[in-house]
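Structure assessment
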Amino acid sequence: GQGDVLGVAVMIQDVTLRQQSNEAIRASEARLRSLALASAAIVWISDHAGKLVDAQGWQEFTGQVPADYLGLGWLTAVHVEDRQRLDRDWRVACTIGEPMSATYRLRMTDGRYRMVVGQGIPIRDETGRITEWIGTVRDIDDQYRLERDLRERERERDALLENVPHMVWIANADGEIVFSNRRWYDYTGLRPQDHWKCVTHPADIERAESLWCKALSSGEPLVLEKRFRRASDGEYRWHLVQGVPIRNADGRIDRWYGSSIDIEDQK
């Protein structure tokens, strides 16, 4: 009868919709896998409330299976010292609906932790309601360690320059002084914004500028003698000023390192 035909039609339509839905899910998963491979990152999707529903690459990185990391289970792979902060910030982002970016340590399959950066953005429907979140987790451990080591070396360098028994300075490639140690300021009484010409003997300024410009243009070390005024008594004393260029990997001058040594007694 017509009812049987209608029932069969409805069943066929239902099966067709299910097939289309399954195909859409498979296509979505394929896109996530492709994006994960292309970006060398974990790509994830969570529901509107921030609970994880898929994460391509998570299992390979952390060793957690979906039963472990779906929902909010992924937090158990975050370093215990970072977990509470990350959980709080993620809940706040989900509440206010704003994009989020955070760095934290994530446990690998071998139990070691690596620094990663996680980013997520909300996806909204035509009414502005958040329907899901999508984001990435990228391994930045090598970059993080390099930057940390560079900062540590800079701190060590600054500590060394501040404690050497001479006036020390650093200039950029254009000859602008970007650092002078404490002994320079104690001796001259100048402020960081003051120019070295303020305490240079007027008779020495033109020659000093000429030799400095020649060194900058030629890239040859700077060696000159000139008089600086001492703040404690106003006396001009002879100093040996030396500077050497520091070049980068391309051979271009990146910095000048120099010193000023009191040679008044020798003169």
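See the structure above.
If you're wondering where the values come from, they're calculated on a predicted model, not measured in any experiment.

1. Some words on the sheet that holds strand 10 (residues 253–262)
Whenever strands of a sheet pair, they do so through backbone hydrogen bonds, lying parallel or antiparallel. What the 5 strands build is an open sheet, ordered 7-6-10-9-8; its pairing is antiparallel. The open sheet has two edge strands, strand 7 (177–180) and strand 8 (222–229), and neither has a second partner. Sheet twist, expressed as the mean angle between neighbouring strand axes with direction ignored, is 25°. In this structure, strand 6 (residues 167–172) lies alongside strand 10, joined through 6 bridges in antiparallel fashion. Looking across to strand 10, one finds that Trp-169 is bridged to Gly-258. Where helix 5 (residues 141–163) meets the sheet, it contacts strand 6, strand 7 and strand 10, and its direction lies at approximately 135° from that of strand 6. This element, helix 7 (residues 202–218), spans strand 6, strand 8, strand 9 (236–247) and strand 10 of the sheet and lies at about 150° to strand 8.

2. Digging into the pattern of salt bridges
In the structure shown here, the tally under the stated rule is 24 salt bridges. Note that Arg-105 is salt-bridged to Glu-81, the shortest N-O span being 3.1 Å. On the criterion of sequence distance, the pair formed by Arg-105 in strand 3 (residues 100–107) and Glu-81 in helix 4 (residues 80–96) is long-range, its members being 24 residues apart. Of the residues examined, Arg-105 reaches a relative accessible area of 25% and is grouped as partly exposed. In this structure, the salt-bridge partner of Asp-250 is Arg-252, at a minimum N-O distance of 3.6 Å. Neither residue differs from the other here; Asp-250 and Arg-252 are each classed as exposed. Salt bridges linked by common partners bring Arg-230, Asp-233, Glu-235, Arg-237, Asp-262 and Asp-265 together as one network.

3. A word on the pairing of strand 5 (residues 130–139)
Bridging between strand 1 (residues 42–47) and strand 5 involves 6 bridges; their strand directions are antiparallel. Counted as the bridge partner of Val-43 is Thr-136 from strand 5. Across 9 bridges, the pairing between strand 4 (residues 113–124) and strand 5 is antiparallel. Pairing of Gly-118 across the sheet is with Val-137, part of strand 5. Hairpin connection between strand 4 and strand 5: a loop of 5 residues separates the two successive antiparallel strands, and Gly-128 in this loop has a positive phi of roughly 95°.

4. Digging into the nonpolar core
If you look at the biggest cluster of nonpolar residues, it comprises 24 residues, and the most contacted ones within it are Trp-58, Trp-74, Leu-86, Trp-90, Tyr-104, Leu-106 and Val-137. Of all the elements in the fold, those that place two or more residues in this core are strand 1, strand 2 (52–56), helix 2 (58–62), helix 4, strand 3 and strand 5. Those residues in contact with Leu-106 that lie beyond four places of it in its chain are Ile-42, Trp-58, Phe-61, Thr-62, Ala-77, Val-78, Arg-112, Tyr-113, Arg-114, Val-116 and Val-137. Counting 17 residues, the second-largest nonpolar core is a separate cluster that includes Val-199, Ala-215, Leu-224 and Phe-228.

5. Examining the side chain of Lys-226
Positionally, Lys-226 belongs in strand 8. There is no salt bridge for the buried Lys-226, and the closest opposite charge comes from Asp-204, which lies 8.1 Å off by N-O distance.

6. Section: the environment of Ala-55
For Ala-55, the position within the fold is in strand 2. Among the residues examined, Ala-55 registers a relative accessible area of 5% and is labelled buried. Sequence separation between Ala-55 and Gly-135 is 80 residues, and the spatial gap between their C-alpha atoms is 9.3 Å. The residues contacting Ala-55, other than those within four sequence positions of it, are Ile-42, Val-43, Trp-44 and Tyr-69.

7. Things to note about the sheet that holds strand 5
In space, the 5 strands of this open sheet follow the order 2-1-5-4-3, with antiparallel pairing throughout. With one partner strand each, in any of the chains shown, strand 2 and strand 3 form the two edges of the open sheet. In this sheet, neighbouring strand axes are inclined to one another by 25° on average, regardless of whether the strands run parallel or antiparallel. This element, helix 5, spans strand 4 and strand 5 of the sheet and lies at about 120° to strand 4.

8. What about the packing of aromatic side chains?
Scanning the model with the defined rule gives 7 aromatic pairs in all. Seen in terms of ring centroids, Trp-58 and Tyr-69 are 6.2 Å apart; in terms of plane orientation they differ by 55°. Their pairing is tilted. Note that Trp-58 is positioned in helix 2 and Tyr-69 in helix 3 (residues 66–69), a separation of 11 residues in sequence. The exposure class of Trp-58 is buried, given its relative accessible area of 3%. Accessibility expressed as a relative area gives 5% for Tyr-69, which makes it buried. With a centroid separation of 5.2 Å and 85° between ring planes, the pair formed by Trp-184 and Phe-228 is classed as edge-to-face. Taken together, the positions of Trp-184 in helix 6 (residues 182–188) and Phe-228 in strand 8 put the pair 44 residues apart, joining distant regions of the chain. A single burial state applies to Trp-184 and to Phe-228, both of which are buried. Chaining the aromatic ring pairs together yields one cluster made of Trp-44, Trp-90 and Trp-133. The ring of Trp-196 carries Lys-226 above its face, with NZ or CZ at 3.6 Å from the centroid. The positively charged end of Lys-267 is found above the aromatic ring belonging to Trp-238, 4.7 Å away from the centroid.

Conventions and cut-offs
Residues numbered from 1 in each chain as written. Predicted model: local features only at pLDDT ≥ 70, side-chain atom pairs only at ≥ 80, totals over all residues. Heavy atoms only, no water. Pairing = 2+ DSSP bridges. Helix = DSSP H or I, 4+ residues; strand = E, 2+ residues; numbered from the N terminus. Axes fitted to C-alpha atoms, helices over the stretch in contact; angles between N-to-C directions. Contact = heavy atoms within 4.5 Å. Salt bridge = Lys/Arg side-chain N within 4 Å of Asp/Glu carboxyl O. Buried < 20%, exposed > 50% of the residue type's maximum accessible area, 1.4 Å probe, protein only. Core = buried A, V, L, I, M, F, W, Y, C linked by side-chain atoms within 4.5 Å. Lys, Arg positive; Asp, Glu negative; His and termini not counted. Phe/Tyr/Trp six-rings, centres within 6.5 Å; stacked < 30°, edge-to-face > 60°. Lys NZ or Arg CZ within 6 Å of the ring centre and 35° of its normal.

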